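Each chain, letter by letter, is given below.
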Amino acid sequence: MAENMTARFQVEGMSCASCVGRVERALAAVPGVTSASVNLASESAQVAFEAPASVPQLVEELNAAGYPAVTDEITLDVEDMSCASCVGRVERALKAGEGVLDASVNLASETATVCYMVGATTPEAIAALATSAGYPAKVRSAEPAGREERKADEIRQLARRTLLAAALALPVFVLEMGSHVFPGMHHLVAGTIGLQNSYYLQFLLTTIVLFGPGLQFYAKGFPALFKGAPDMNSLVALGTSAAYGFSLVATFAPGALPAGTANVYYEAAAVIVVLILLGRLLEARAKGRTGEAVRKLIGLQAKTARVERGGKVEERPIEEIVVGDVIHVRPGEKIPVDGVVIGGSSYVDESMITGEPVPVEKAEGAQVVGGTINGAGALIFRAQKVGADTMLAQIIQMVEQAQSAKLPIQGLVDRVTLWFVPAVMAVAVLTVFVWLLVGPDPALSLALVAGVAVLIIACPCAMGLATPTSIMVGTGRAAEMGVLFRKGDALQMLQETKVVALDKTGTLTAGRPELTDLNVAEGFDEAEVLRLVAAVEATSEHPIAVAIVRAAEARGLDLPRVDDFSSITGYGVRAVVEGREVLVGADRLMVREGVELGSLSGQSAALAGEGRTPLYAAIDGQIAAVIAVADPIKPTTPAAIAALHGLGLKVVMITGDNRVTAEAIARELGMDDVRAEVLPEGKVAALDNLRADGKLAFVGDGINDAPALAAADVGIAIGTGTDVAIEAADVVLMSGDLNGVVNAFDISQRTMRNIRQNLFWAFGYNTLLIPVAAGVLYPFGGPLLSPVLAAGAMALSSVFVLSNALRLRWIKPVAGSAGQAAPARSPTPQPTPAE
């Protein structure tokens, strides 16, 4: 069976939605490609493929389509090579790496030169390929510029081109438009340099603008047009070429034109280029801010670590850390990689990972996460996950994948932009024809102005940016709040969800039973009863027994030795402790043994009605106490359930508890529905029954929740749960409470609302202004839109869409952290094994 592979890389040259469609079609046409998703905002492509498709083939196809993949080259220092066969092995190992296009190894200099696709891999990952083949390698050259640096360089180049074009276009604009605004200027120009010389000067300056800073439009636009796949550059190239070409004839062969039409439009061609360059400059700056969340996450990574090697502690680059290294962390330093503490104790700020503001205590045996901040203590830990395997690296990867995703709503944009540019060109031709046919004199000049205005104002930049910019900013902000969208389409599906089904244990509750009640009979001491009962239960690993022992230890009670322990199946346990017979079990055990419950009679039913698991204890044949154990509701749960209701969602609890207990908990939390006594394998069926009310999200954390997480329209995994559950989910919450669910729904709704605003503006702008540009208002006394104004409006449209998307950066969590939520009023019962 063919192996499924995924490649993600940067793509150059895309400027509008039609470019995105062209790149996707080019990639999808490669045999073996199963899906291709292209993001204009991040200028990236994510491709899923299998044999016979390969990364070099994808790069070749992109180059042929005119949208090259961004590549870079690095040099590695490679150790332990001794012969030609070593060279061959290293080359094969490097070339087999994901994203590697070519590799050349030099035995004499002990180096390897590797060409790779930016975004598909990293220099460190490439070096690791040689290292894993048995030839330790390090990156010699400085790490090549990332997307941020390339974007900054692009912005600087665009700024220079825009400034040069503006400086050259200003005299053209003043000479031509100044004469229309100030009649005296026309006579001034005619009396000084002369009108014809004025035309020659405008020709010279405009030519420099068009074939200098504006050359990119023609270099990309005309080839795309000749291939039958016009894009935004084609519209700009056609529009400016029409204005420029007409002006050339009017300047050098005015007799070839009808009388009264020999006007020049150099200022339109020159200023259009300036305005579109300015628009792209503003776009580039705004797009650079859309990826701010990922850059913040990357900035959390430590650069160096203090590693214990050869009995000494020395500072090493983070790339040199390997699994098993012993790492020392001083107070205030970043934890460099994931690992387990083997010495020292401290409090660690994990808020950048979980969103929880309270530092977490770390002592021997505790897990630490790379990127978190150590507090006042010193820690020594053993590295368990390094490089791309760390939690922070996986979070970054999840965010990038979500940002590259294509939502179902984007399908509408794709279908429209597929025919939009050719349709605009057809409208421009029709506009010119109608003006020539029925327009007033000078019809030819008016036809040219209207045709060029249509071409310029209709560039579909805003359409292409409307969805991906909102996705990038929305999912990035979500990540900062501890909500990770593993699959981008979950962003839209979550907004359409009507029902939220919640697993109980570990989701609504802490997942760890606690002792909640200890009511002793008259004549017995509470501490003494707990000491004896805990001693008996210490021999059991049942969760209820563990909870009782933990409560005794928390009170500092010493547990005595147990003799003659025996288990009474279905009833409880019996043991002798310090010469006293102790019975612990359900009320039926007391009845069987003839123990009178006395004043404690009936408390069992009352405690069970409150959602707790009751037990009785008898000492030397007398009732001593009634004990209740429960799995406490997380402090944030009640407020989170209320917030979900506030968002208009139906909230359902799914549990393996018996119906009476489950309904008691459901009433306490204000659930709309409860599905009780559900075995793990029955959760999927329970979800199917709930689908009648609309799209459904399921929230869980355990291994037995994985099938339900995968079966739901949107699976939401609590980040403190198991890896299996997280892998099956569409959304992962880094914190362990339900506030993250509320925030996920809120972000989804806000992001989708933002996308709809952007699409409404982008489509509405083109729908309304194309007819205006064509001149439909002119016969009714309205304006004939200048191509210069059309270019300005087109540039502002894209800037509006980007600015609107960037508002999502300021989303505030609608649900606070665990420390801010309302406390639970009472705990919930001990789960059954079915839960």
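Computed from a predicted structure; not experimentally measured.

Here is what the cut-offs are and how they apply
Residues numbered from 1 in each chain as written. Predicted model: local features only at pLDDT ≥ 70, side-chain atom pairs only at ≥ 80, totals over all residues. Heavy atoms only, no water. Helix = DSSP H or I, 4+ residues; strand = E, 2+ residues; numbered from the N terminus. Patch = residues over 30% accessible without salt bridge, like charges linked within 9 Å, V, L, I, M, F, W, Y side chains within 5 Å. Areas by Shrake-Rupley, 256 points an atom, 1.4 Å probe, with all protein chains shown as cover. Salt bridge = Lys/Arg side-chain N within 4 Å of Asp/Glu carboxyl O. UniProt positions renumbered as here; feature names shortened; annotations may be inferred. Phe/Tyr/Trp six-rings, centres within 6.5 Å; stacked < 30°, edge-to-face > 60°. Buried < 20%, exposed > 50% of the residue type's maximum accessible area, 1.4 Å probe, protein only. Pairing = 2+ DSSP bridges. Axes fitted to C-alpha atoms, helices over the stretch in contact; angles between N-to-C directions. Contact = heavy atoms within 4.5 Å. Parallel < 35°, antiparallel > 145°, perpendicular 65-115°, else oblique. Left-handed = near helix turned anticlockwise from the far one by under 90°. Nonpolar A, V, L, I, M, F, W, Y, C, P; charged D, E, K, R; others polar. pLDDT = per-residue confidence, 0-100.

Trainee: For this particular structure, what's the right way to read unusual backbone geometry?
Mentor: With the exception of glycine, the majority of residues adopt a negative phi angle, and the majority of peptide bonds are in the trans configuration. The amide bond that connects Ala51 to the next residue, Pro52, takes the cis arrangement and shows omega of 15°. The residue Glu578 is not glycine, and still its phi comes out positive at about 55°. The topology assignment puts Glu578 in the loop between strand E21 (572-577) and strand E22 (580-585). In this structure, Asp620 takes a positive phi of about 55° despite not being glycine. Secondary-structure assignment places Asp620 in the loop between strand E23 (613-619) and strand E24 (622-631).

Trainee: Teacher, can you tell me more about a nonpolar patch on the surface here?
Mentor: A contiguous nonpolar patch, built from Leu430, Phe433, Val434, Leu437 and Val438 and spanning about 520 Å² of accessible area, is present on the exposed surface. As for its position among the elements, Phe433 is in helix H14 (residues 410-438).

Trainee: In this structure, what is going on with the UniProt feature "transmembrane region" (unreviewed entry) in the chain? I would like to understand it.
Mentor: Annotation from UniProt places "transmembrane region" (unreviewed entry) at residues 158-179, 199-219, 231-252, 264-282, 416-438, 444-467, 759-778 and 784-802. Its end C-alpha atoms 26 Å apart, residues 199-219 is made of 86% helix and 0% strand. Secondary structure content for residues 231-252 is 95% helix and 0% strand, while the C-alpha to C-alpha distance between its ends is 31 Å.

Trainee: Just checking my understanding: could you explain the packing of aromatic side chains for this structure?
Mentor: Tallied over the entire structure, the rule returns 11 aromatic pairs. Summarising the aromatic geometry, the rings of Phe211 and Tyr244 are spaced 6.2 Å apart at their centres and angled 70° between planes, so their arrangement reads as edge-to-face. Highlighted residues: Phe211 in helix H7 (residues 195-211) and Tyr244 in helix H9 (residues 232-252), separated in sequence by 33 residues. The class for Phe211 is partly exposed, based on a relative accessible area of 46%.

Trainee: How do you make sense of the sheet that holds strand E25 (residues 650-654) when you look at a structure like this?
Mentor: Each strand in a sheet pairs with its neighbour through backbone hydrogen bonds, running either in the same direction (parallel) or in the opposite one (antiparallel). Spatial strand order, E17-E29-E28-E27-E18-E25-E26: 7 strands in an open sheet with mixed pairing. Pairing within the sheet leaves two strands with one partner each, and these edge strands are strand E17 (483-485) and strand E26 (673-675). Across this sheet, the average inter-strand angle for adjacent strands is 20°, counted without regard to direction. Where helix H25 (residues 683-690) meets the sheet, its contacts fall on strand E18 (499-503), E25, E26 and strand E27 (696-700), and the angle it forms with E25 comes to roughly 155°.

Trainee: Would you take a moment to explain the pattern of salt bridges for this structure?
Mentor: Two side chains with opposite charge may pair up if their charged atoms get near one another. All told, the structure shown has 25 salt bridges when counted by the stated rule. Ionic pairing is found between Arg316 and Glu320, a salt bridge with its closest N-O pair at 3.2 Å. When its relative accessible area of 22% is taken as the criterion, Arg316 is described as partly exposed. Look at Glu320 and you get partly exposed, because its relative accessible area is 24%. Taken together, the salt bridges that share partners define one network made up of Glu528, Arg531, Glu578, Arg580 and Asp620.

Trainee: Where do I start with the packing of H9 against helix H15 (residues 443-457) in this structure?
Mentor: Each pair of packed helices can be summarised by the angle the axes make with each other and by the distance between the axes. At their nearest, the axes of H9 and H15 sit 8 Å apart, and the two run at 160° to each other. Relative to H15, the element H9 is oriented roughly antiparallel. Both H9 and H15 take part in a crossing whose hand is left-handed. In this structure, H9 uses Leu235, Val236, Leu238, Gly239, Ala242, Ala243 and Phe246 to contact H15, whose residues at the interface are Leu444, Ser445, Leu448, Val452, Leu455 and Ile456. Here the residues of the contact of H9 with H15 are counted per class, giving 11 nonpolar, 2 polar and no charged.

Trainee: Is there a simple way to explain the confidence of the model for the chain in this structure?
Mentor: As a note on interpretation, predicted positions should not be read in detail where pLDDT is low. Mean pLDDT for the chain: 81, with 87% of residues reaching 70 or above. Every residue in residues 817-835 is under pLDDT 50, and counting partners more than four places away or in other chains gives 75 contacts.

Trainee: Explanation requested: the environment of Arg25 in the structure shown.
Mentor: Take Arg25: it is sitting in helix H1 (residues 17-28). A C-alpha to C-alpha distance of 8.2 Å links Arg25 and Ala36, two positions 11 residues apart in sequence.

Trainee: I tried to follow the pairing of strand E11 (residues 338-344) on my own but got confused; where do I start?
Mentor: Taking burial as the measure, the 7 residues of E11 include 5 buried ones, the bulk of the element. The sheet contact formed by E11 and strand E16 (residues 379-385) spans 6 bridges and is antiparallel. Within E16, the position partnered with Gly339 by the bridge is Ala383. Across 2 bridges, the pairing between E11 and strand E14 (residues 367-368) is antiparallel. Along E14, the bridge assignment pairs Val340 with Gln367.

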